[in-house]
Amino acid sequence: MIEQKKYSVPSIQEARKRGRKETNYVSYEFDPKLENFGVGKKYIIKTYGCQGNLADSEKMSGILQRMGYTEVQEESEADVILVNTCAIRENAEQRVFGEIGRLKKYKQTNPHLIIGICGCMPQEEKVTSKIRDDFSHVDIAFGTHNLPNLGEYIYQATTNMTRMIEVFSEEGDIIENIPTYRDHNRKAWVNIMYGCDEFCTYCIVPYTRGKERSRRPDSILEEIKELINEGYAEVTLLGQNVNAYGKDFTDMDYTFANLLDDIRKTDLKRVRFTTSHPRDLDKATMDVMGKGGNIMPHLHLPVQSGSNHILKRMNRKYTKEEYLEKLAYLRTKVPGISITTDIIVGFPGETEEDFQATLDLVREAKFEGAFTFIFSPREGTPAARYPDETDPSVKSERLQRLNELVTVGSLEGNKRFENEIVEVLVEGTSKTDSAILTGYTAHNKLVNFKGDLKYIGEIVKVKITKAYSWHLAGEIVE
Ligand code: SAH
Ligand code: SF4
Ligand code: F3S
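From a predicted model like this one, the values you see are computed outputs, not experimental measurements.

K.L.:
Any chance you could break down the site of ligand 1 for me, citing the residues and the numbers?
P.N.:
Not every one of the 15 residues close to ligand 1 is listed here, only the nearest: Tyr 202, Gln 240, Gln 304, Asp 342 and Ser 376. At 2.8 Å from a nitrogen atom of ligand 1 is found a side-chain nitrogen or oxygen belonging to Gln 240. Interatomic distance of 2.8 Å between a backbone N/O atom of Ser 376 and a nitrogen atom of ligand 1. Calculation on ligand 1 without its partners gives an accessible area of 530 Å², and the protein chains cover 90% of this total. In the shell around ligand 1, the residues fall into 7 nonpolar, 4 polar and 4 charged. Three or more residues apiece are contributed to the shell around ligand 1 by two domains, here domain 2 (193-291) and domain 3 (297-412).

K.L.:
Pulling in residues and values, what's your account of the sheet that holds strand β20 (residues 446-450)?
P.N.:
Read around the closed barrel, 5 strands run β18-β19-β20-β22-β21, paired in mixed fashion. Averaged over all neighbouring strand pairs, the angle between strand axes comes to 50 degrees, with direction disregarded. Of the strand pairs in this sheet, strand β21 (residues 459-467) and strand β22 (residues 472-476) are connected by 5 bridges, and their pairing is antiparallel. What sits directly across from Lys 463, in β22, is Glu 475.

K.L.:
How would you sum up helix α5 (residues 125-134)? Please name residues and give values.
P.N.:
An α-helix turns once per 3.6 residues; consequently, residues spaced three or four apart project the same way. Buried within α5 we find Val 127, Thr 128, Ser 129 and Ile 131. Elements that come into contact with the buried residues of α5 comprise α3 (90-103), β6 (114-119) and β8 (163-166).

K.L.:
Break down the environment of His 112 for me, with residues and values.
P.N.:
Assignment of secondary structure puts His 112 in the loop between α4 (106-109) and β6. Assessed through its relative accessible area of 67%, His 112 is described here as exposed. Between the C-alpha atom of His 112 and that of Asp 452, which follows or precedes it by 340 residues, the distance is 45 Å.

K.L.:
Lay out a negative patch on the surface in plain terms, naming residues and giving numbers.
P.N.:
Together, Asp 218, Glu 222, Glu 226 and Glu 230 line one region of the surface with negative charge. Structurally, Asp 218 is set in helix α8 (residues 217-229). For Asp 218, a relative accessible area of 54% translates into the label exposed.

K.L.:
Explain the packing of aromatic side chains to me, and be specific about the residues and the numbers.
P.N.:
Considering all chains together, one arrives at 12 aromatic pairs under this definition. Ring geometry for Tyr 245 against Phe 249: centres 5.6 Å apart, planes inclined by 90 degrees, an arrangement best described as edge-to-face. Taking the relative accessible area as the measure of exposure, Tyr 245 reaches 1% and is therefore buried. Relative to Tyr 254, the ring of Tyr 245 lies with its centre 6.3 Å away and its plane at 75 degrees, an arrangement referred to as edge-to-face. By way of ring pairs, the aromatic residues Tyr 202, Phe 347, Phe 375 and Tyr 386 are connected into one cluster. In this arrangement the basic side chain of Lys 41 is found over the ring face of Phe 37, its NZ or CZ atom lying 4.6 Å from the centre. Lying over the aromatic face of Phe 249, Arg 216 brings its terminal NZ or CZ to 5.0 Å of the ring centre.

K.L.:
Describe empty space enclosed by the protein, with residues and values.
P.N.:
Counted according to the given criterion, the structure contains 1 cavity of 30 Å³ or more. Estimates place the volume of the largest cavity at around 50 Å³. Around the largest cavity, the lining residues are Asn 53, Asp 56, Met 60, Asn 84, Cys 118, Gly 119, Phe 142, Gly 143, Thr 144, Leu 147 and Arg 209. If you list the elements that add at least two residues to the lining of the largest cavity, you get α2 (51-66) and β6. Per-element tally for the lining of the largest cavity: the top contributor is α2, with 3 residues. Residue classes in the lining of the largest cavity are distributed as 4 nonpolar, 5 polar and 2 charged.

K.L.:
Hey, could you go over the pairing of strand β13 (residues 234-238) for me, with residue numbers and the actual values?
P.N.:
Most of β13 is tucked away: 5 of the 5 residues are buried. You can see the chain leave β13, run along helix α9 (residues 256-264) and come back into strand β14 (residues 270-274), and the turn it takes is right-handed.

K.L.:
Could you give me a rundown of the side chain of Arg 215, with the residues and numbers involved?
P.N.:
Considering the arrangement of structural elements, one finds Arg 215 in the loop between β12 (213-214) and α8. Residue classification places Arg 215 among the buried residues on the basis of a relative accessible area of 5%. Leaving out residues up to four positions away in the same chain, Arg 215 has contacts with Tyr 25, Ile 174, Glu 176, Val 190, Asn 191, Ile 192, Met 193, Tyr 194, Ile 220, Glu 223, Tyr 245 and Phe 249.

K.L.:
Describe the site of ligand 2, and please don't skip the residues or the numbers.
P.N.:
All residues in the neighbourhood of ligand 2 are listed as Cys 196, Glu 198, Phe 199, Cys 200, Tyr 202, Cys 203, Val 205, Pro 206, Gln 240, His 277 and Arg 316. A breakdown of the residues in the shell around ligand 2 according to their chemical character gives 7 nonpolar, 2 polar and 2 charged.

K.L.:
Account for the sheet that holds strand β10 (residues 187-191), naming residues and giving values.
P.N.:
Strand pairing in a sheet takes place through backbone hydrogen bonds and is either antiparallel or parallel in direction. Taking strand neighbours across the sheet as the criterion, the 3 strands line up as β10-β13-β14 in an open arrangement whose pairing is parallel. The open sheet is flanked by β10 and β14, the only strands paired with a single partner. Taking the axes of each pair of neighbouring strands and ignoring which way they run, one obtains an average angle of 25 degrees across the sheet. Relative to β13, β10 is paired through 5 bridges, and the arrangement is parallel. Residue pairing for β13: Trp 189 is matched across the bridge by Thr 236. Contacting β13 and β14, α9 crosses the sheet at an angle of about 160 degrees to β14.

Calculation criteria
- Residues numbered from 1 in each chain as written.
- Chains lettered and ligands numbered in written order.
- Predicted model: local features only at pLDDT ≥ 70, side-chain atom pairs only at ≥ 80, totals over all residues.
- Heavy atoms only, no water.
- Near = heavy atom within 4 Å.
- Polar contact = N/O pair within 3.5 Å; in protein donor to acceptor, adjacent residues only side chain to side chain.
- Areas by Shrake-Rupley, 256 points an atom, 1.4 Å probe, with all protein chains shown as cover.
- Nonpolar A, V, L, I, M, F, W, Y, C, P; charged D, E, K, R; others polar.
- Domains from an automatic or database assignment.
- Pairing = 2+ DSSP bridges.
- Helix = DSSP H or I, 4+ residues; strand = E, 2+ residues; numbered from the N terminus.
- Axes fitted to C-alpha atoms, helices over the stretch in contact; angles between N-to-C directions.
- Buried < 20%, exposed > 50% of the residue type's maximum accessible area, 1.4 Å probe, protein only.
- Contact = heavy atoms within 4.5 Å.
- Patch = residues over 30% accessible without salt bridge, like charges linked within 9 Å, V, L, I, M, F, W, Y side chains within 5 Å.
- Salt bridge = Lys/Arg side-chain N within 4 Å of Asp/Glu carboxyl O.
- Lys, Arg positive; Asp, Glu negative; His and termini not counted.
- Charge placed at Lys NZ, Arg CZ, Asp CG, Glu CD.
- Phe/Tyr/Trp six-rings, centres within 6.5 Å; stacked < 30°, edge-to-face > 60°.
- Lys NZ or Arg CZ within 6 Å of the ring centre and 35° of its normal.
- 1 Å grid on protein atoms, 1.4 Å probe; cavity = no way out; pocket = protein on both sides within 12 Å on 5 of 7 lines; lining within 4 Å.
- Points joined across faces, edges and corners; volume = space filled by probe spheres on them.
- Right-handed = clockwise from strand over helix to strand, strands pointing away.

Spelled out as structure tokens, the structure:
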């Protein structure tokens, strides 16, 4: 294609800036020229990364469906293929580049195919420049702050054959009421805030997602009430640091604890939230969690390391002792709460002693699950420039030792439910056996059990018969 071009490449330097600019809230407006534009055409979205990206993909789906496009499962049938990307680690990025290369072949059978790349990777200068220069079969590229313009990009790329590369470095307004086409009909994501101001030294998210901006509580509660009316049973509140919710409001004092308490009072059956930051998780929030009700007894609280020296270099702003103190308080408020975490091994300067401190913490904190990663240097972040003398094989070996310990903790955490009766929100059937139903307990444990398909979407009582490392097996209690 493509004679005309529209290019705007982002800058990591610009993305670092945190202005005093106040957040504006505007409502999404659907451009009438997009009406029926996609009728008879099909799309597929491939999503990488965190729940924030899953939620964004549901909004992109919503916009495309509003234009008349329908979703397909096969790339070969699509007229629009979007790849929603994650920039958190290098190896994930390499996979995405491979994926984009692979998509080129579909242009031979469908010359009108539109290929788009979006999400966090285009927020990196080097990625967008590479797409511009080396991936000429990519028709559109846009970043996390440009998502509401998706319809326009597709329109321009299709009608005017314009190659659209537009990535804003800085966040703009909060756009409410973007059409959303959700993947699930009983569980929903609800963004409560965007961006991150923590600047952990290893992390690229503050650059790809902009500064912290909170949605207004009335918009969030309105969305949750609509979801309840539509039959949704479970909502997961999303933010990179949900405990910072409301800190940017200048006209009112309303925090995450207030929001959680207000949601507790609704008819929603289950509420979860992610991600919490150990420094910002406050007593008020833990006290609200202690009121129980629809607030689920599970907390994902990324610790990253058990060494105070490493935590400091990561700019996490808490010590191992402070972290454990918070857990202890939380456990008095929510007895039996399940705690999971994220851990990075091989951070620059991590010694065997530092790593041992992490292992000790995993034992002390009694984590029931952890996502574990080897440090990946991200260009533009401070830690990418820290001297790193640890051999990659040592890092791999640490990851393996850590994972062994995490598995022990997970099995321990699961065993405590043997012979107990738990409530499970049934999500569907097992991938390997359609006679087996699967779902999650209040503590966020995966359960497999035999049962009738009629239970899908319901919350049912299940007696746990056996605990495994990564799931529970049970029998439905009629
Ligand atoms: N906002 C969340 C999640 C951020 S990304 C939080 O603060 O925890 C999810 C996880 O990816 C992080 O918790 C961290 O463990 C990991 N991660 C982030 N940057 C990384 C990097 N450069 N290398 C390896 N792991 C990283
Ligand atoms: Fe990244 Fe830290 Fe923000 Fe989490 S809190 S997104 S790890 S900078
Ligand atoms: Fe990845 Fe962006 Fe989420 S970098 S983890 S998709 S915020």
